[in-house]
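Listed below are the residues making up each chain.
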Amino acid sequence: MAGRFVDQIIKKRDGGELTDEEIRDMIDRYMAGDIPDYQMSSMLMAIYYSGMSDREITTLTLAMRDSGEQVDLSSIPGMKVDKHSTGGVGDKTTLIIGPIVAACGIPVAKMSGRGLGFTGGTVDKWESIPGYQTDMSMESFFELVRKHGISLVGQSGDLAPADKALYAMRDVTGTVESIPLIASSIMSKKLAAGADKIVLDVTVGNGAFMQDLDRAKELAKRMVAIGDGAGRETVAMLTDMNEPLGHAIGNNLEVKEAIEMLHGRGPEDLQEICYALAGMMISLASGADGEAAAPAGADPRLKDKLSYEQGIELAKEKIADGSAWEKFKEVVASQGGDISYVEDPSKFPVAPCYCELKAESDGYIGWIDTMGFGLAAGRLGAGRATKEDVIDPSAGIVLHKKIGDEVHVGDVIMTIYGGSPEQPGKPRYVIEENTQGVAVDLKKCFRIDKEKPTEQPRIYEIIR
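Residues numbered from 1 in each chain as written. Predicted model: local features only at pLDDT ≥ 70, side-chain atom pairs only at ≥ 80, totals over all residues. Heavy atoms only, no water.

1. Describing the nonpolar core
Right, so step 1: With 56 residues, the main nonpolar core has Trp126, Ile129, Ile282 and Phe328 as its most contacted residues.
Right, so step 2: Listed by contribution, the elements that provide at least two residues to this core are α5 (93-103), β3 (150-154), β5 (234-240), α11 (251-262), α12 (268-285), α13 (308-320), α14 (323-334) and α15 (339-343).
Right, so step 3: Broken down by element, this core gets its largest block of residues, 12 residues, from α12.
Right, so step 4: Excluding anything up to four places from it in sequence, Phe328 contacts Leu95, Pro99, Trp126, Ile129, Ile259, Leu262 and Val342.
Right, so step 5: Within the second largest apolar cluster, 42 residues are counted, among which are Ile35, Met40, Leu60 and Val224. (Core = buried A, V, L, I, M, F, W, Y, C linked by side-chain atoms within 4.5 Å. Buried < 20%, exposed > 50% of the residue type's maximum accessible area, 1.4 Å probe, protein only. Helix = DSSP H or I, 4+ residues; strand = E, 2+ residues; numbered from the N terminus. Contact = heavy atoms within 4.5 Å.)

2. So, the sheet that holds strand β10 (residues 406-407)
Working definition: the strands of a sheet are paired by backbone hydrogen bonds and lie parallel or antiparallel to each other.
Right, so step 1: An order of β10-β8-β12 is seen for the 3 strands of this open sheet, with the pairing classed as antiparallel. In this open sheet, the two edge strands, each paired with only one partner strand, are β10 and β12 (446-449).
Right, so step 2: Two elements, strand β8 (residues 363-368) and β10, share 2 bridges in a ladder whose sense is antiparallel. From the neighbouring strand, Tyr364 faces β10, where its bridge partner is Glu406. (Pairing = 2+ DSSP bridges.)

3. Quick notes on the packing of aromatic side chains
Each aromatic ring pair is described using two quantities: the centre-to-centre distance and the angle formed by the ring planes.
Right, so step 1: Scanning the model with the defined rule gives 7 aromatic pairs in all.
Right, so step 2: When the ring of Tyr48 is compared with that of Tyr49, the centres are 5.2 Å apart and the planes differ by 85°; the resulting orientation is edge-to-face.
Right, so step 3: Overall, Tyr48 belongs to the partly exposed group, its relative accessible area being 34%.
Right, so step 4: When the centroid spacing of 5.9 Å and the interplanar angle of 35° are considered together, the rings of Tyr354 and Tyr417 count as tilted. Placement of Tyr354 in strand β7 (residues 354-358) and of Tyr417 in strand β11 (residues 412-417) is noted, with a sequence separation of 63 residues between them.
Right, so step 5: What links up through ring pairs into an aromatic cluster is the set Trp126, Tyr132, Trp325 and Phe328.
Right, so step 6: Over the ring of Tyr275 we find Lys316, and its NZ or CZ is 5.7 Å from the ring centre.
Right, so step 7: When the ring centre of Tyr341 is taken as reference, the NZ or CZ atom of Lys347 above it lies at 4.9 Å. (Phe/Tyr/Trp six-rings, centres within 6.5 Å; stacked < 30°, edge-to-face > 60°. Lys NZ or Arg CZ within 6 Å of the ring centre and 35° of its normal.)

4. Thoughts on the pattern of salt bridges
Right, so step 1: Overall, the coordinates contain 32 salt bridges when judged by the stated rule.
Right, so step 2: In this structure, Asp66 engages Arg24 in a salt bridge whose closest nitrogen and oxygen atoms are separated by 3.2 Å. Of this pair, Asp66 sits in the loop between α4 (54-65) and β1 (81-85) while Arg24 sits in helix α2 (residues 20-31), and the two are 42 residues apart along the sequence.
Right, so step 3: A salt bridge links Asp299 to Lys318, with the shortest nitrogen-to-oxygen separation between them at 3.1 Å. Residue Asp299 is located in the loop between α12 and α13, and its partner Lys318 is located in helix α13; the two are separated by 19 residues in the primary sequence.
Right, so step 4: Owing to a relative accessible area of 9%, Lys318 belongs among the buried residues under this scheme. (Salt bridge = Lys/Arg side-chain N within 4 Å of Asp/Glu carboxyl O.)

5. Things to note about the sheet that holds strand β4 (residues 197-204)
Right, so step 1: Here we have 4 strands laid out as an open sheet, ordered β1-β4-β5-β13, and mixed in their pairing. Every interior strand has two partners, whereas the edge strands, β1 and β13 (459-463), have only one. Recorded for the sheet is a direction-independent mean angle of 15° between the axes of neighbouring strands.
Right, so step 2: Pairing of β4 with β5, which is carried by 7 bridges, proceeds in the parallel orientation. Note on β5: the bridge partner recorded for Val204 is Asp240. (Axes fitted to C-alpha atoms, helices over the stretch in contact; angles between N-to-C directions.)

Right, here's the structure in full:
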């Protein structure tokens, strides 16, 4: 026992550092119900204002990781590298990167979450493929990875339950934005997921949780320190989210864009981010020795340590030679998905309620309210306001013009797809009115300027 909890609150309030014993005791006692919510809320506020050292954050992360089950991937041969994004709009990178990396012979055992609020969820995107199963036992999950080199499923509810409890408390106490608490929340789940190494995609901009570059950089550095402190090599990439990634926002719309990317025809920004993330994962997995060496059948170049740039070139090869596309079809089929939909994307249902938003002046797209696009897609049926909401896989937005693109009066800037009229309790006219209402709001989510804006980087920095 580390003493009276009120003494620890005062200690942190006054800028002191908590000991490892105090932090672990705090998590254990809170999960056991021995620390009341009003005291934990006081501690969270003290952390919000006083911060935490890297040691404190690492100990907090490990304590939250240890509060539930941990995935043991040691029975799967090879170096396991996980990728995590801090969230954004139009982010379908996992659907693309997973097959690329697995096509190299690097095992991909990926657990993802559902969308909530303005960010889309990878699980929802996979489930927009008819029949695709994201809920399975750990034994089935491991077996698929051993057999196919890849499995992409939903996150287990038993991973880091202390994080879930603390997040619920942060949500109602105004402490969500605390960087130490954000970092420990993300990394507790990543460490519990069992990967040997971790690549973090820390998005920055008006469509990300971190809208300020300096704060995003601080978050990235803290998470890298946690990973390294826990013995897991971690690399963070700061990527731009001042406009949606790619053109498609919405579940089966994003699957169709991912298919285009796997055929080498994806939007330029999506290609750059996917190749960068896949290249880093390949680099981290290469050159391993002993039991972590690349499994039989892997690309022979993985035996040597590859640079980040060499990893990118290998990723591009797997798109060009079609092996990443074949791996995508393999994972869909292995998890019960109807392969005919990905082989012929025209089979995906298209929302019958749609409208086009056209340019009313000449110029260049100078600004996009990315979060506004994410919220609009949610209102159309592509996202959730609550966990109980039902996703409509065909709803969403396709952007035809992005920042820097020239437009003329009458050019179609975007197509807006409303929910399916078959939705229970929602007659067609209600959905049509909602779609038109969203279109009115989306007019406020972009600006046409006379001058072409200065081009911004898509990858700001890589933090090791």
